[in-house]
Amino acid sequence: MAVRHVTTLPLCVIWGLPEAASICDNSNPCPFTGGEALSVPIEYSSEGTGLLNVTLTVDLTPHTVDWLTVYRRTYNGEIPGPTLRVRPGDKLYIKLVNNMRSDNVVRTEGHGPVSPNITNLHLHGMHVSPKEPHDNVFIEIGPGSSYQYEFDIPDDHPAGTFYYHHHIHGNSYFCVGGGLVGFIIVEDDVTTMPSELSAISCPLNCHKEVQLAVGTNFRYTLDKFPILSYAYLQKDLGDPSRNLDPLPSGTGTMEDWLMDPANGVDYLLTNGQLWPKVTLTVGEVKRFRIMNGAGVEVLEITIKEKAALFGLEHFPTSLPAHPGYYRDLRTIDDSEIDGRFVIEFGPEHEVNREHFKNAAYHRYKYEVGTIQEWYIINSEQLKPHPLHIHINHFQVISYNEYTHPWGALHPVNNTKSAYYDLQGNLCDQQFLYFAHNLDWPTSNPPNFKYHGHHNRSRDSIPAYIPLGEWRDTINVPPLGSMTIRFVADRFTGTQFVHCHNLNHADKGMGLVVEVVEEGESTHGAFTASGGAYPGTCRRTDPYPDVVTSATNFNGGGHDHGHNHGH
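Analysis parameters
- Here, residues in each chain are numbered from 1, in the same order as that chain's written sequence.
- Predicted model: local features are reported for residues with pLDDT of at least 70 only, side-chain atom pairs are reported and counted for 80 or more only, and whole-chain, interface and lining totals are derived from all residues.
- Working from all heavy atoms in the structure, the side-chain values ignore hydrogens and water.
- UniProt positions are given in the numbering used here, feature names are shortened, and annotations may be inferred rather than shown by experiment.
- What makes two strands pair is DSSP finding at least two bridges between them.
- Numbering goes from the N terminus for both helices and strands, where a helix is a DSSP run of H or I of at least four residues and a strand is a run of E of at least two.
- Lines are fitted to the C-alpha atoms to define the axes, a helix being fitted only along its stretch in contact, and any angle between axes, read from their N-to-C directions, falls within 0 to 180 degrees.
- For this analysis, a nonpolar core means a set of buried residues of the types Ala, Val, Leu, Ile, Met, Phe, Trp, Tyr and Cys, connected via side-chain atoms within 4.5 Å.
- Exposed residues in this analysis have more than 50% of their type's maximum accessible area, buried residues have under 20%, and partly exposed residues fall in between, with area computed by a 1.4 Å probe over protein chains only.
- The contact criterion used throughout is that any non-hydrogen atoms of two residues lie within 4.5 Å.
- Whenever a carboxyl oxygen of Asp or Glu lies within 4 Å of a side-chain nitrogen of Lys or Arg, that contact is scored as a salt bridge.
- Pairing of aromatic rings covers Phe, Tyr and the six-membered ring of Trp, with a centre-to-centre limit of 6.5 Å; geometry is then stacked below 30 degrees between planes, edge-to-face above 60, and tilted otherwise.
- Definition used: whenever NZ (Lys) or CZ (Arg) falls within 6 Å of the ring centre and also within 35 degrees of the ring normal, the charge is taken to sit over that ring.
- Each patch is built from residues that are more than 30% exposed by relative accessible area and take part in no salt bridge. Like charges join if they lie within 9 Å; nonpolar side chains (Val, Leu, Ile, Met, Phe, Trp, Tyr) join within 5 Å.
- Accessible surface is estimated by sampling points in the Shrake-Rupley manner with a 1.4 Å probe; for residues, cover comes only from the protein chains shown.
- The term disulfide is used for any two cysteine sulfur atoms that are within 2.5 Å.
- Confidence scores per residue from the predictor, reported as pLDDT, run from 0 to 100.

As annotated in an unreviewed UniProt entry, the chain is ferroxidase from Branchiostoma lanceolatum. In its Sequence similarities (unreviewed entry) section, the UniProt entry covering the chain states "Belongs to the multicopper oxidase family."

Okay, here's the thing in structure tokens:
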């Protein structure tokens, strides 16, 4: 194993940033200035040996931003954690050590809060097994414990930028947003990579790569949404590492100052820093690897001085070939599709009319090696949801006309929801815990502001994904309906599907499906929720062909030729 460690990149000029006063510290606050040279994570690389064996230690460690020292849960004391560089066919061994202390936060019935001192690991976007001792996100490693992960990276794994992060249901938003993230880079094959790409890439030109881990939560003010405030989350979870240093004026604590909207402490950090600097010389090309490690924020990249791009819109001119399980599925015949499933996001942070229960409560089962076609529905009228599927990447096939029911919160209660059709009629197929005791409006059509994604021009809007692209996460717009397809390549086991707004996921916005061996039974899944199928409004509505077999909800019947399970 080789170790590369670079502390900073060369400086560039930042205009108009005042220097921080020397008296600024945890007892004497002042405005933040940022602008330090970008810090680069330590790297561990297999370097072609076929093996990378590392230890990641999770602990509560000090982290300084400008003049303020905070305590965050980190990997090996750094934000982000070490970058892990591997190659297709490598074995990756990670010993995860939990050095945190026990606390008094206990798991409540339902969803969160969960002690932020319980941890585990997920390789986001990696095509690896979900079973133990691999990428099983339902393992829990308590304070003072450790776990030995073993990952067999397939020989045909695509090169690219991936990341690892904490994945405990109930505290992911707090811990991931707080800094428990790190890069995993699957390196390109130098023998097949285009020379123009090799000139700016590891393993031959590592100095040309720039890693940006964007999104660490440094948002403290409460003037927008309390749930975005890191200090609010610390209070909610009973975190002992709050910034309670008294201010000399006697007017409160550092935490009070950070949360005061007048001070505007509402930032996302990059590599654990505020507004870090990177230098590029005229005519120089660098490869930026960018991770959005934020808990809830969807981030759009903008380049203010576009004249500085030097015509790189078509660089590089070629890319490595996709692996076989990435074959184009857009034009396959319906007879080749082996299974169909519906994912429906709802307004109470539920998926398919229920909150996540446990790893054994499978909502769908399908055989390994099959081609799957899934319909993704967001029943919310104003809020998008980023869908993330573990194990298998999927191909975006279509944006469909939205003809499905929509989810509405009660106008007075504002926490309980109901499903209505697009004409405003109350559905008879409802959320599992539908509040029958409430007085629901008899007519309630949705806000159609975001309706009609299938007819919109999507080319210039970054939130839309071009058809045919392969993803592990995709933004599902409000009143959005999409079709995706994928090959269930090689791995069996429990597959987690959830909203990657981690605040929503912690509240139950996820489900599990099971990939079984070829020829094994696919019966026994809990596809329906209290008799109601996702995407349906009436008991006579078709399922699972809610897109291909239905243009409205006035007829048809449940397709019991498919595996529904109860």
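Trainee: Please explain the sheet that holds strand 6 (residues 91-98) as it appears in this structure.
Mentor: Within a sheet, each strand pairs with its neighbour through backbone hydrogen bonds, oriented either parallel or antiparallel. One open sheet accounts for four strands, arranged 4-3-6-8; its pairing is mixed. At either margin of the open sheet sits one strand with a lone partner, and together these are strand 4 (68-75) and strand 8 (146-152). When strand polarity is set aside, the average angle formed by the axes of neighbouring strands in this sheet is 25°. The sheet contact formed by strand 3 (residues 51-65) and strand 4 spans eight bridges and is antiparallel. Bridge pairing in strand 4 places Leu-60 opposite Arg-73.

Trainee: Would you mind going over the nonpolar core with me for this structure?
Mentor: Looking at soluble globular proteins, one finds that nonpolar side chains tend to be buried together. Of all hydrophobic cores here, the largest spans 61 residues; its most connected members are Phe-32, Leu-84, Leu-92, Ile-94, Tyr-149 and Phe-218. If sequence neighbours within four positions are ignored, Leu-84 has contacts with Tyr-44, Leu-52, Val-54, Leu-92, Ile-94, Tyr-164, Phe-183, Ile-184 and Ile-185. Core analysis: the second largest hydrophobic core is formed by 54 residues, Leu-329, Ile-465, Ile-474 and Phe-486 among them.

Trainee: Quick question: what am I supposed to make of the pattern of salt bridges here?
Mentor: Any two side chains of opposite charge can pair, given that their charged atoms come close. One pass over the structure, following the stated rule, counts 27 salt bridges. The partner of Arg-87 in a salt bridge is Glu-187, with the nearest N and O atoms 3.2 Å apart. With Arg-87 in the loop between strand 5 (83-86) and strand 6 and Glu-187 in the loop between strand 10 (181-186) and helix 2 (195-198), the pair connects residues that are 100 residues apart, well separated along the chain. One salt bridge connects Lys-235 with Glu-255, and the closest N-O pair in it is separated by 3.9 Å. Separated by 20 residues along the polypeptide, Lys-235 in helix 3 (residues 230-237) and Glu-255 in helix 4 (residues 254-259) bring together distant segments of the chain. Linked through salt bridges whose partners overlap, the residues forming this network are Glu-43, Arg-85, Arg-87, Glu-187, Glu-209 and Arg-289.

Trainee: Got a minute to help me understand the packing of aromatic side chains in this structure?
Mentor: Given two aromatic rings, one states the distance between the centres and the angle between the planes to describe the pair. Enumeration over the complete set of coordinates arrives at 30 aromatic pairs. Considering the side-chain rings of Tyr-75 and Tyr-164, the 5.2 Å spacing of their centres and the 65° angle between planes classify their relative orientation as edge-to-face. Taken together, the residues span a long stretch of sequence, with Tyr-75 in strand 4 and Tyr-164 in strand 9 (residues 160-165) at a distance of 89 residues. Judged by its relative accessible area of 0%, Tyr-75 is buried. A centroid spacing of 4.9 Å and a plane angle of 15° characterise the contact between Phe-174 and Tyr-230, whose relative ring orientation is stacked. Placement of Phe-174 in helix 1 (residues 172-178) and of Tyr-230 in helix 3 is noted, with a sequence separation of 56 residues between them. Summarising the burial analysis for this pair, Phe-174 and Tyr-230 share the class buried. The rings of Phe-32, Trp-67, Phe-174, Phe-218, Tyr-220, Tyr-230, Trp-257, Tyr-267 and Trp-275 are connected pair by pair, giving a single aromatic cluster. The ring of Tyr-230 is capped by Arg-72, whose NZ or CZ atom sits 3.7 Å from the centre of that ring. Arg-353 extends its terminal NZ or CZ atom over the ring of Tyr-419, reaching a point 4.0 Å from the ring centre.

Trainee: How should a nonpolar patch on the surface be read in this particular structure?
Mentor: A cluster of nonpolar side chains, Leu-280, Phe-288, Ile-290, Ile-301 and Ile-303, forms an exposed patch at the surface whose accessible area comes to about 450 Å². Locating Ile-301 in the fold gives a position in the loop between strand 13 (287-292) and strand 14 (339-345).

Trainee: Looking at this structure, I do not really get unusual backbone geometry. What am I missing?
Mentor: Trans is the common state for peptide bonds, and a negative phi is the common state for residues other than glycine. Of note, the bond from Ile-79 into Pro-80 is cis; its omega dihedral lies within 30 degrees of zero at -5°. Mapped onto the fold, Pro-80 is located in the loop between strand 4 and strand 5. Going from Glu-132 to Pro-133, the amide bond is cis rather than trans, its omega being 0°. One non-glycine residue, Trp-275, adopts positive backbone phi at about 50°. Residue placement: Trp-275 occurs in the loop between strand 12 (266-270) and strand 13. Exposure remark for Trp-275: the relative accessible area of 43% places this residue in the partly exposed category. Although it is not a glycine, Arg-353 adopts a positive phi angle of roughly 70°.

Trainee: I tried to follow the state of the cysteines on my own but got confused; where do I start?
Mentor: Evaluation of the coordinates by the stated rule reveals three disulfides. The side chain of Cys-427 participates in a disulfide bridge whose partner is Cys-537; the two sulfur atoms lie 2.0 Å from each other. One quick way to see it: the torsion about the S-S bond of Cys-427 and Cys-537 is about -100°, and its sign makes the bridge left-handed. In this pair, Cys-427 is assigned in the loop between strand 20 (417-420) and strand 21 (470-471) and Cys-537 in the segment after strand 25 (510-516), connecting sequence segments 110 residues apart. The class of Cys-537 is buried, set by a relative accessible area of 1%. With its bonded cysteines labelled in order along the sequence, the chain shows the pairing 1-2, 3-4, 5-6.

Trainee: Quick question: what am I supposed to make of the confidence of the model for the chain here?
Mentor: Note: predicted coordinates in regions of low pLDDT should not be interpreted at a detailed level. Scored by pLDDT, the chain has a mean of 88; 89% of the residues are at 70 or more. Considering only residues more than four positions removed or in separate chains, one finds that residues 1-21, a stretch of pLDDT under 50, has 49 contacts. Below a pLDDT of 50 lies the segment residues 549-566, which in the model reaches 58 contacts outside its immediate sequence neighbourhood of four places, other chains included.

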